[in-house]
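Overview (structure and organization)
Listed below are the residues making up each chain.
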Amino acid sequence: MHEMGITAGILDASIEAAENAGATRIVEIKVSVGELTEIVEFALQFAFEALTPGTIAEGAILVVNHVGATAHCNECGIDYEHDRFQMLCPECDSLNVTPLTGRELQVDSIETADEPDDTTSGTA
Ligand SMILES: [Zn+2]
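Throughout what follows, the structure given in this document is the object of discussion. Just so it is clear, the structure is predicted and the values come from calculations on it, not from any experiment.

Here the focus is the sheet that holds strand E1 (residues 25-34). In spatial order, the strands read E2-E1-E6; together these 3 strands make up an open sheet with mixed pairing. Single-partner strands in this sheet number two, and they are strand E2 (61-67) and strand E6 (105-113). Across the sheet, the axes of successive neighbouring strands diverge by a mean angle of 15 degrees, strand direction being ignored. Examined bridge by bridge, E1 and E2 share 7 bridges and lie parallel to one another. Across the sheet, residue glutamate 28 finds its bridge partner in E2, namely isoleucine 61. Packed on one face of the sheet, helix H2 (residues 41-51) meets E1 and E2 and runs near 160 degrees to E2.

The subject of this paragraph is the coordination of the zinc ion. Protein coordination of the zinc ion is provided by Cys73 (SG), Cys76 (SG), Cys89 (SG) and Cys92 (SG), with donor distances spanning 2.3 Å. Viewed at the metal, the 4 donor atoms of the zinc ion are separated by angles of 105 to 117 degrees, and the geometry they form is tetrahedral. Each donor residue of the zinc ion belongs to the same chain, and together they define the spacing C-x2-C-x12-C-x2-C. With a gap of 16 residues between them, cysteine 73 in strand E3 (residues 70-73) and cysteine 89 in the loop between strand E4 (79-81) and strand E5 (97-101) connect regions that are remote in the sequence. Of the two residues, cysteine 73 and cysteine 89, neither departs from the other in class, the shared state being buried.

Our next topic: helix H1 (residues 3-20). Here H1 spans 25 Å end to end across 18 residues, near enough to the 26 Å set by a 1.5 Å rise per residue. Taken as a whole, H1 has its buried residues at Glu3, Ile6, Thr7, Ile10, Leu11, Ser14, Ile15 and Ala18. The buried residues of H1 occupy an angular sector of 160 degrees when the element is viewed end-on, so they sit on one face. For H1, the exposed residues set more than 90 degrees away from the buried face come down to Gly5, Asp12, Glu16 and Asn20. Among the structural elements, E1, H2 and E6 are those in contact with the buried residues of H1. Count one or two residues on from H1 and you reach glycine 22, which has phi positive near 85 degrees.

Conventions adopted
- Residues numbered from 1 in each chain as written.
- Predicted model: local features only at pLDDT ≥ 70, side-chain atom pairs only at ≥ 80, totals over all residues.
- Heavy atoms only, no water.
- Pairing = 2+ DSSP bridges.
- Helix = DSSP H or I, 4+ residues; strand = E, 2+ residues; numbered from the N terminus.
- Axes fitted to C-alpha atoms, helices over the stretch in contact; angles between N-to-C directions.
- Contact = heavy atoms within 4.5 Å.
- Donors = N, O, S within 2.8 Å, 3.2 Å for Na, K, Ca; no water.
- Tetrahedral: all angles 85-135°; square planar, octahedral: opposite > 155°, others 65-115°.
- Buried < 20%, exposed > 50% of the residue type's maximum accessible area, 1.4 Å probe, protein only.
- Expected span 1.5 Å × (residues − 1).
- Arc of directions from axis to C-beta.

These values are about where atoms sit, not about what they do.
In structure tokens form, the structure reads like this:
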């Protein structure tokens with residue numbers, strides 16, 4: 001399950017960024033995951049649950065934004081969506097294509113809190 005290592009990397013980067021910003025707690029981490037990475041969200045969430053206790057991200061939410069795979073055809077010039085098994089241009093059957101999206105694996109944003117607030121019940 002390579003998601004464990006991936007999640008550890010996401011977590012390390014997020015904690016470092018939060019600490020550099022002076023935050024003492026992370027409440028939410030948003031990531032973008034491309035379809036072509038073959039990362040399974042369930043496994044990411046599982047790893048996140050396993051790795052966050054004892055860190056400043058304990059109890060945080062991991063929000064996964066799935067990015068579909070798209071490519072640009074260099075023959076006929078169209079952009080199109082495709083799946084991981086089939087990249088042929090649907091218009092001209094060319095394989096002379098440039099991948100546009102689908103390989104993302106990045107942290108989009110980190111929401112932090114400055115003070116522990118475990119009794120929150122509606123002051124958003
Ligand atoms: Zn084409």
